[in-house]
Amino acid sequence: MRLEGWHGWVGTFTGVVFLTVAALPLAALAAWALARRRRRAGAGESGAWRMSLAEVGIVYGTVPPVWLILLPGDEDGAVVNLVPLRDLLTMDAGQIVGNLLVFAALGFLGPLRFGALASVRRVVALGAGCSVLVETAQYVLQLDRVSSVDDVLLNTAGAGFAALVSRRWWRAVRSPLPARGTGRRRGEVGGRSA
C-alpha cells in the first residue's frame, strides 16, 4: 500500500475511528491474555480480570483521542493561546465533549489499576500533566493546531470527572498478586521450613 493510502487510515478522524473499532477484538484478546497470565501467577479470578481490563482500557481509551489530537491541523502555523476561557467560548459542543473524553479512560481506570492514583487530586494532576505534554507536542511538532490552555482545562476536568465516577470502586481495589517476598513455599511456616 502506498503512503497516501495509509494516510487515509491513520491521518484522518474517520480512519482513526475505524481502526479503533477494528482493534476492539485485539484489545479484548490482550485483556484475556493478561488475565490468564495473572491467574497462572496466583491471582484471583476477579482481581486478574479487573487489573487486566483496566490496563487495556487505559491504553485503548487514551491512545485514539491523543492520536487525533496529534494529527496535523488546518491553522496557518502553530498557534498558542494561554488566555483561559477565550477558546472555550468559541468551541462547539462536540469539541468540548471530545476534550473532556481525551483522558477520561485514564481518570476512570487509573485508580482502579494503580493504588497510588486513588485520589482525585492525583488523577487531576496526572491529567493536567498529560494534557500539557500533548499540547506542547502539538506546538513543538508544528502540527498547525491551536495549543490552548482551555484544552488543558477540559482534558484535566474530564480526567477528574471520570475519577469521581469510579471513586466508589477504589476501596475494593486490592492487588491480586501476592507481594514479592511474602509468598511461602510448600512446607514453610512463618518463613521457616516445617
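Attention here is on the structure that accompanies the text. (Residues numbered from 1 in each chain as written. Predicted model: local features only at pLDDT ≥ 70, side-chain atom pairs only at ≥ 80, totals over all residues. Heavy atoms only, no water.)

**Let's talk about the nonpolar core**
Ranked by size, the top nonpolar core spans 16 residues in total, and within it V66, V102, F103, L109, V123, V134 and W170 carry the most contacts. Where this core is concerned, the elements lending two or more residues are α4 (45-69), α6 (104-113), α7 (120-140) and α8 (149-166). (Core = buried A, V, L, I, M, F, W, Y, C linked by side-chain atoms within 4.5 Å. Buried < 20%, exposed > 50% of the residue type's maximum accessible area, 1.4 Å probe, protein only. Helix = DSSP H or I, 4+ residues; strand = E, 2+ residues; numbered from the N terminus.)

**Examining the environment of R37**
Within the secondary structure, R37 sits in helix α3 (residues 24-40). Residue R37 is classed as exposed on the basis of its relative accessible area of 64%.

**What about the environment of A104?**
If you trace the backbone, A104 turns up in helix α6. Counting along the chain gives 23 residues from A104 to G127, while the straight-line C-alpha distance between them is 8.7 Å. Sequence-distant contacts of A104, that is, excluding residues within four places in its chain, are made with G158, A159 and A162. (Contact = heavy atoms within 4.5 Å.)

**Here we look at the side chain of S148**
Summarising the element assignment, S148 is placed in strand β2 (residues 146-148). Polar side-chain contacts of S148 include one of 2.7 Å to the side chain of D87. Those residues within four positions of S148 in sequence are excluded, and the remaining contacts are N81, D87 and E135. (Polar contact = N/O pair within 3.5 Å; in protein donor to acceptor, adjacent residues only side chain to side chain.)

**Considerations on the packing of helix α5 (residues 93-101) against α8**
Where α5 contacts α8, the two axes come as close as 6 Å, and the packing angle between them is 55 degrees. One way to sum up the angle between α5 and α8 is to call them oblique. Between α5 and α8 the crossing geometry is right-handed. Note on element contacts: α8 touches α5 through D151, L154, N155, A157, G158 and A159, opposite I96, N99 and L100. (Axes fitted to C-alpha atoms, helices over the stretch in contact; angles between N-to-C directions. Parallel < 35°, antiparallel > 145°, perpendicular 65-115°, else oblique. Left-handed = near helix turned anticlockwise from the far one by under 90°.)

**What about the side chain of D87?**
Its place among the elements puts D87 in the loop between β1 (79-81) and α5. Although buried, D87 forms no salt bridge, and the nearest oppositely charged side chain, R86, lies 6.3 Å from it. Other than its neighbours up to four places away in sequence, D87 contacts N81, V146, S148 and D150. (Lys, Arg positive; Asp, Glu negative; His and termini not counted. Salt bridge = Lys/Arg side-chain N within 4 Å of Asp/Glu carboxyl O.)

**Re the pattern of salt bridges**
This structure, assessed with the given rule, holds three salt bridges. A salt bridge links R39 to E45; the shortest N-O distance between them is 3.5 Å. Judged by its relative accessible area of 48%, E45 is partly exposed. In this structure, the salt-bridge partner of R113 is E55, at a minimum N-O distance of 2.5 Å. Within this pair, whereas R113 is found in helix α6, its partner E55 is found in helix α4, the two being separated by 58 residues in sequence.

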